[in-house]
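Per-entry structural report
One-letter residues, chain by chain:
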Amino acid sequence: MASSSLPLACVVLAAGKGTRMKSATPKILHAVGGVPMIRHVLSVCSELAPSKIVVVVGPDMKTVEDAVVPHPTALQREQKGTADAVKAAHAKLKDFIGDILVLFGDTPLITTETLEKIVAERAATKAAVIVAAFRTIEPGSYGRLDLDLHGNLDAIVEASEATPDQLQNTLCNGGIMLLAGEHVWPLLDKIEAKNSKKEFYLTDIVGLARQAKLSVSYVEVPHEDVLGVNTRAELAGADAILQNRLRERFMQEGVTLIAPETVYLSADTILGQDVTIGPHVVIGPGVIIADHVTIKPYCHLEQVTIEQAAQIGPFARIRPGSQIGMGAHIGNFVEIKNTEIGQGAKVNHLTYLGDAIVGAKANIGAGTITCNYDGFKKHRTEIGNAVFIGSNTALVAPVKIGDGAFVGAGSVITMDVPNDTLAIARNRQTNMEDWARRYREKQKYDEKNK
Ligand code: UD1
Ligand code: MG
């Protein structure tokens, strides 16, 4: 927990158009580790247990409002800059007395430790403005921190306004600021849009605070934590860093990753102890994997729960709404969607199971297909405990196979099969004795007499 003596409110700026992303989707909804950037920022903010988190959005950003639920949003009518965006949150913080932590929705790699460091700096220095700064050899478009001769923060200069000399400065603004509530609104009112972009820069608050004889301070934080995502390349860069963090954390927690650099994880992935994940596995959002599970190479999983000691893959695709029971085996080229697989069941080869339930210890033969869609609606297939489905069976849903039943290979099952029954639904075989030999002889004879 933060050591601030004052209550804290977070204002997360998310109203920017994100033009550099060249996207119809608002920038902060682009995902890093399968989760929209803004959600990363909000979950880290929540760790500080602030009194309130307000998200500043632009007009027509219903998708952003939905993505930030349950946090209240404030509307910034026109995207006139970061200072104007903070002002837009004022109405939602009228009754709030305490510190205001401003964060950007486009810095998804922020960590609780870094926020705590900023809050601790405020408690220690009592400065009215604390800036999260970082050093980098490639300061690019970040704002630069101007220090006075004593090393105190004087002002922040935006890259677009900086002189060539100032651009050499490698001490950059990470975008996060902690502001003393009693000063923030009057200072914001003084900010003018007198710059090349004609925007109200939040960064001007530093110089204005100094002019008002208020103390300002900065705290150096890891560059990674405040990495700003403005382009698709930066999005990919942030994702790569997050992937490394996730892999590192899981390996520390007792997960084996074979070729970790090829395993793609999501920010909300949950992995138990002694899970083994082979190369080239993609774990999308909403995946929970219990202890001792093995995921072999080239699997794709999304919104699924895998119970203890199950074995998945190689080359399996497990889609949303699926649950794989304890010790079950899902093999190569198997697709499973919205399906519950019972304990110890086996679905080992070339199968599609959708909208189904498979009982414990059932064995689903190679090439089994649940025909779950009639062109209009989806239908369910129920397969009981210890059922044996022969290879290349089509189960035309809705259909129910009772416990202990057998289905002959190559069947097209359109009716329910009672418990312990053998169902065969294919043409009976005809054997024509000696036919093949006679056929070959006729071919030879025809060839000779051509
Ligand atoms: C900003 C900082 C820069 C800092 C960098 C760190 C300013 C003026 N500049 O630059 O010093 O080094 O972040 O990443 O603050 N937003 C709004 N409304 C607006 C404009 C922006 O809500 O009118 C939001 C955006 O959605 C975004 C955040 O504010 O989440 C930052 O805006 P962005 O345009 O990305 O600022 P940078 O140019 O990155
Ligand atoms: Mg930015």
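Report follows, based on the coordinates. (Residues numbered from 1 in each chain as written. Chains lettered and ligands numbered in written order. Predicted model: local features only at pLDDT ≥ 70, side-chain atom pairs only at ≥ 80, totals over all residues. Heavy atoms only, no water.)

1. As for the site of ligand 1
- Around ligand 1 lies a shell of 24 residues, among which Gln76, Gly81, Thr82, Glu158 and Asn173 are the nearest.
- One nitrogen or oxygen atom from the main chain of Leu13 is found 2.9 Å from an oxygen atom belonging to ligand 1.
- Burial of ligand 1 by the surrounding chains reaches 92%, relative to a free accessible area of 760 Å².
- With respect to the pocket detection grid, ligand 1 is positioned in the largest pocket.
- The residue inventory of the shell around ligand 1, partitioned by class, reads seven nonpolar, twelve polar and five charged. (Near = heavy atom within 4 Å. Polar contact = N/O pair within 3.5 Å; in protein donor to acceptor, adjacent residues only side chain to side chain. Areas by Shrake-Rupley, 256 points an atom, 1.4 Å probe, with all protein chains shown as cover. 1 Å grid on protein atoms, 1.4 Å probe; cavity = no way out; pocket = protein on both sides within 12 Å on 5 of 7 lines; lining within 4 Å. Sits in = over half its atoms within 2 Å of the grid points. Nonpolar A, V, L, I, M, F, W, Y, C, P; charged D, E, K, R; others polar.)

2. Some thoughts on the packing of aromatic side chains
- Under the counting rule described, the total for this entry stands at five aromatic pairs.
- For the pair Phe388 and Phe406, a centre-to-centre distance of 5.0 Å together with 20° between the ring planes defines the contact as stacked. On the criterion of sequence distance, the pair formed by Phe388 in strand S30 (residues 388-389) and Phe406 in strand S33 (residues 406-407) is long-range, its members being 18 residues apart.
- In this structure Phe388 comes out as partly exposed when scored by relative accessible area, which is 34%.
- Phe406 gets classed as partly exposed once you look at its relative accessible area, which sits at 44%.
- Above the plane of the ring of Phe250 lies Arg249, whose end atom (NZ or CZ) is 4.5 Å from the centre.
- Between the NZ or CZ atom of Lys378 and the centre of the ring of Tyr373, over which it lies, the distance is 5.4 Å. (Phe/Tyr/Trp six-rings, centres within 6.5 Å; stacked < 30°, edge-to-face > 60°. Helix = DSSP H or I, 4+ residues; strand = E, 2+ residues; numbered from the N terminus. Buried < 20%, exposed > 50% of the residue type's maximum accessible area, 1.4 Å probe, protein only. Lys NZ or Arg CZ within 6 Å of the ring centre and 35° of its normal.)

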